Amino acid sequence: MRHYRFGRIATLLAAIYVAVVIVSGVRALATGNPALLREIVTGGWDTDFVPYAWWVELLMVAGGVLQGWAYWQILRGRPTGAAAVNDRPVRLLRAALYLSVACTLLYRLPFPYQWWLGLPLDLLQIAVVGMFFVVLADVLPRWLRLLGLVAGLANAATGMASTFAYGLGQYSVLQFVSPYQLGNAVYLLWLMPVLAGQDRHARWTRGTVRLGAASALLSLLSSGSHSIISFGGWGVDYDLVLVMVLGILGVLGTVWQARSAHDLGVLTPVPAAAPAVQVAPARAWPLAAVAVVLPLIPAAVNLADGMPAWIGPRGAVDDLFHGHVSYPATVLWVALDMLIGVGAPAVLILIAVMRRTRRLLRVTMLTLTLAAAAGIVTALTTKSEADWQLIPEMTEQRLALYPDGLFDRNDKGEILFGLSPLWYSTALAASALVLLLLYRFPPAARSRHHVLVAALATSMALCFLPAADQPRGRVTTVEDCSPPEPWEMDGEPAEPSPPTGPRAFICAVRQQHTFPFAATAPDQVLLDHGHRLCAAYTRDDPRELARLREVEGLNVRSLGGVLAGICPAAKAEIAAAAAAEDREFNEFMAEEQRKCDATPRHRLLIKPAKAIRLKEPQWPEAGLELYDEFPGEGKGTTSGPVTAGPGHVMVSTDSDFHVCVTLETYTRRPPVETKGWDNVVEVGYANHSGEMSFMDGLSGTELPDLSLNGRKGHYRIRLHLAWFPWKGEGDGTQRLLIMAYPGPGDKVVTYRRPPKRR
């Protein structure tokens, strides 16, 4: 620590920070409350967004340790020794970088955020861009520096415009100022020339340039200030965890700025002689041709079927890029998908075989290995019917960057992707292994990672060996569990009986995606797993259930409905709960019936043509409405709970309570009665169909016909509504009396208004 100007102070502060993070992590794991840990590491992220999970909190602890290292890098200052005597542009650049780092660290302090606090950082960005343009004049061509200058100033300008738009509440302007299609592309157009200049200049160390490259990669992946939309069910949303991790890793950009300023404060070292380029000896061309040809084999098969894509819109890797990272990164991913699909890795391998330099061979083998791993992950995480296919807008978004009509559907509605990516993974891994075996450098120059690459290649090769002791067996699909549509029944009206026993369990697992098994997992595997969980469900041991929840993420007690088909204990509990619900509902309905039976009967003042007192209470959800099939034109009128208009009458009722209904139809106008009613309203209604039935479409409630023996013409309808208390004012029911008689006029007449509430 003595090698840096403020090394001891930086070490002490970083150690204190890491210690606080570790203690907070232990507290979070012990209590299940990660609020303090997340506040320290991320500055927020409440458990309402990302619930507590032990592995998430371990990630937060690891992120806190990384931040402690970053703070040590920032605070340690320049190396000890004689300070550099710089000219004015270099001094200004160093000062601007330090001020920019200081402004960034201020955001970590627990101060209330104000929108105008971002303006100083934007102004400092302009100064940094201008000073880098001057300082790198000796190592970069003028056109490249001008490109970086224009891009850097444009990025700073859009940042300031976004800050003002946010502060003034003009959120609709943000999309025009900084469209999401650009992501951080403008910023990268400035950063990449700067990194190229730092790599060529002796002022900056190789570690600083590598940190800048890592920051550039994170900027490419980061969605910036734009939203990430994810559809997460219960539990941890992995998309939001990704956003949290990218936010933590963003500290690398601050470290790059600080180290760039540190390096400017020391004497410029004398450039060392460039090391000699190491070239591997040539090998027999047939062996090298094998490595070149292998990636072309699956590409040729795919192209023969008209499919130029390697992976396509499927699997976890593609899902990571579509909607979870920046749009430019998604475009690059689709371009890579098409390039590998047509066999472009063969060109990279051919160049590496022709030149045989140590660095190029290492990059080629690493690229092939990563591509092979991406193919394996895709094959393991691809579902027969992905969730995004259920939403047309998301399907259109996932396919937008691919050629039109490339991914068609078969007769079953499944998207045809072409060859499995496992074939590509096999070819790419085999090519990497051939290059490793052919072009091995002497021990003094051999890469320390060759053993790791060889182990990975061997492991991936073993993944393709068939497992003889794992017979596939029957696989029941989601389609097999879905009942046939009416047109598939050949005119037979009978519906198939619901599945029972093991088939009910398998169908529940397939349809609800209960377990993290692939859709092609055999039924026997699911049954074995279900019987194991049934044993845990039956024992009901809290420690065992807690272990299953922590290790497998399963709340076994909530799986009773899924396990009922194969687990007697779960079936008994489900049956007991259903019986209890039935008893409670029957008791409730009996109580409602007693309420209606106790309501006073309407005393007829004149003889009606028909009178109906409904025996059972009604329960409309959206009120009762009367519609005519040929309504006229005109505005509606509302009086209390009654709304009337041409060809329409509606009485609003409280959906939390039942309604006791009486219907009466007269040949002439009945006397007006208001005693005992809260609302009495009379309206007009033109009946063109000969039938008048109040109904509620939501609950399916339909009252008997009110018309006078099917008479068409104009009617007057009088509606009476009152509250009937029962064992207290709050526990009662509603009374509704509807009278109808032939009569002209559409005027709404209110005979009694509702009492005013105190």
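An account of the accompanying structure is given in this report. Since the model is a prediction, treat every value here as computed from it, not as a measurement.

### Quick word on the overall build of the protein chain
Of regular secondary structure, the protein chain possesses 26 helices and 12 strands. Within the protein chain, the fraction of its 758 residues that count as buried is 40%. Taken as a whole, the protein chain presents about 42100 Å² of accessible surface, with 62% of it coming from carbon and sulfur.

### What to know about the pairing of strand 5 (residues 648–651)
On strand 5, burial covers both faces: H648 and M650 on one face and V649 and V651 on the other are all buried. Bridge analysis of strand 2 (residues 624–627) against strand 5 gives four bridges, and the strand direction is antiparallel. The residue bridging E625 from the neighbouring strand is M650, located in strand 5. Note: strand 4 (residues 642–645) against strand 5, four bridges, orientation antiparallel. Looking across to strand 5, one finds that G645 is bridged to H648. Where strand 4 hands over to strand 5, the hairpin turn is made up of two residues, of which G647 adopts a positive phi near 70°.

### Regarding the packing of helix 23 (residues 523–539) against helix 26 (residues 568–598)
The packing of two helices is summarised by the inter-axis angle and the distance between the axes. Interaxial distance between helix 23 and helix 26 falls to 8 Å at its minimum, and their mutual angle equals 60°. In terms of orientation, helix 23 and helix 26 fall into the oblique class. Together, C534, Y537 and T538 of helix 23 and P568, A569, A570 and E573 of helix 26 make up the contact between the two elements. Each residue belonging to the contact of helix 23 with helix 26 can be placed in one class, and the counts come to five nonpolar, one polar and one charged.

### Topic: the nonpolar core
Among the nonpolar cores identified, the biggest contains 52 residues, and F132, W190, L191 and W256 are the most heavily contacted of them. If you tally residues by element for this core, the top one is helix 11 (residues 251–264), at seven residues. In this view, L191 contacts G212, A216 and W256; residues no more than four positions away in its chain are not counted. Residues A280, A309, W310 and L435 belong to the second largest nonpolar core, which totals 39 residues.

### Brief notes about a negative patch on the surface
On the surface, E581, D582, E584 and E587 cluster together into a negatively charged patch. Tracing the chain through its elements places E587 in helix 26.

Each value, and the rule that gives it
Residues numbered from 1 in each chain as written. Predicted model: local features only at pLDDT ≥ 70, side-chain atom pairs only at ≥ 80, totals over all residues. Heavy atoms only, no water. Helix = DSSP H or I, 4+ residues; strand = E, 2+ residues; numbered from the N terminus. Buried < 20%, exposed > 50% of the residue type's maximum accessible area, 1.4 Å probe, protein only. Areas by Shrake-Rupley, 256 points an atom, 1.4 Å probe, with all protein chains shown as cover. Pairing = 2+ DSSP bridges. Axes fitted to C-alpha atoms, helices over the stretch in contact; angles between N-to-C directions. Parallel < 35°, antiparallel > 145°, perpendicular 65-115°, else oblique. Contact = heavy atoms within 4.5 Å. Nonpolar A, V, L, I, M, F, W, Y, C, P; charged D, E, K, R; others polar. Core = buried A, V, L, I, M, F, W, Y, C linked by side-chain atoms within 4.5 Å. Patch = residues over 30% accessible without salt bridge, like charges linked within 9 Å, V, L, I, M, F, W, Y side chains within 5 Å. Salt bridge = Lys/Arg side-chain N within 4 Å of Asp/Glu carboxyl O. Lys, Arg positive; Asp, Glu negative; His and termini not counted. Charge placed at Lys NZ, Arg CZ, Asp CG, Glu CD.

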